[in-house]
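# Structural overview for review
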Amino acid sequence: MLKRDPIENTPEFKAVIDAVEAELDEMLKDFPKGMGFCHHYWHCKRELLKEKYGIEWRSPSMMNPGTMFD
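The shown structure was predicted, so the numbers you read here are calculated from the model rather than taken from an experiment. Going along each chain's sequence as written, the residues are numbered from 1 onward. In keeping with the model being predicted, local features are shown solely for residues with a pLDDT of at least 70 and side-chain atom pairs are shown and tallied solely at 80 or more, while totals for entire chains, interfaces and linings include all residues. Hydrogen atoms and water are omitted, and side-chain values are computed over all heavy atoms in the structure.

What follows covers the pattern of salt bridges. Any carboxyl oxygen of Asp or Glu within 4 Å of a side-chain nitrogen of Lys or Arg constitutes a salt bridge here. Per the counting criterion, the structure on display carries six salt bridges. For the salt bridge of aspartate 5 with arginine 58, the shortest nitrogen-to-oxygen distance reads 3.4 Å. Here aspartate 5 is found in the segment before α1 (11-27), whereas its partner arginine 58 is found in the loop between α2 (37-53) and α3 (60-63), with 53 residues between them in sequence. The class for aspartate 5 is buried, based on a relative accessible area of 4%. Helix and strand assignments follow DSSP, with helices taken as H or I runs no shorter than four residues and strands as E runs no shorter than two, numbered in order from the N terminus. Here's how the labels work: a residue is buried when its accessible area is under 20% of the maximum for its type, exposed when over 50%, partly exposed in between, all with a 1.4 Å probe on protein chains only.

Spelled out as structure tokens, the structure:
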């Protein structure tokens, strides 16, 4: 089972995640969605959460070292 960042269970994270994901969808709409896209998506998500909302989020790859993601 993959680990998830516990911050995802906080009210602060839950309050903004829909807006963040909508912003990411728009921001990355023209970015190729092939192999490795998840890493770019997670990087952008981490930066957006930190810069705009002050939330320090850790991606699945950060939470699961040694696990290969496309």
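Moving on from the model shown.
When two cysteine sulfur atoms lie within 2.5 Å, the pair is treated as a disulfide. Inspection of every chain in the model, using the stated rule, returns zero disulfides. Cysteine 38 takes part in no disulfide bond, and the closest cysteine sulfur to it belongs to cysteine 44, at a distance of 12 Å. With relative accessibility at 16%, the residue cysteine 38 sits in the buried group. Residue class for cysteine 44 comes out buried when judged on its relative accessible area of 11%.

So, about α2. The terminal C-alpha atoms of α2, which comprises 17 residues, lie 23 Å apart, in line with the 24 Å expected from a rise of 1.5 Å per residue. Throughout, a contact is declared for two residues whenever any of their heavy atoms are within 4.5 Å. Of the surrounding elements, those touching the buried residues of α2 are α1 and α3. One or two residues past the end of α2 sits glycine 54, with phi positive at roughly 70°. The span you would expect from a helix comes to 1.5 Å times its residue count less one.

To continue, consider the environment of valine 16. Counting through the fold element by element, valine 16 comes out in helix α1. Counting along the chain gives 10 residues from valine 16 to glutamate 26, while the straight-line C-alpha distance between them is 16 Å. With near-sequence residues (within four places) excluded, valine 16 lies in contact with Leu49, Tyr53 and Ile55.

Any pair of Phe, Tyr and Trp rings, taking the six-membered ring for Trp, is counted once the centres come within 6.5 Å. Such a pair is stacked with planes under 30 degrees apart, edge-to-face with planes over 60 apart, and tilted for the rest. What the rule picks out here adds up to three aromatic pairs. Judged by centre distance (6.0 Å) and plane angle (45°), the rings of phenylalanine 37 and tyrosine 41 are tilted. Of this pair, phenylalanine 37 and tyrosine 41 both sit in helix α2, four residues apart, which is roughly one turn of that helix. Overall, tyrosine 41 belongs to the buried group, its relative accessible area being 16%. On the numbers, 5.1 Å between centres and 90° between planes, the contact of tryptophan 42 with phenylalanine 69 is edge-to-face. Separated by 27 residues along the polypeptide, tryptophan 42 in helix α2 and phenylalanine 69 in the segment after α3 bring together distant segments of the chain.

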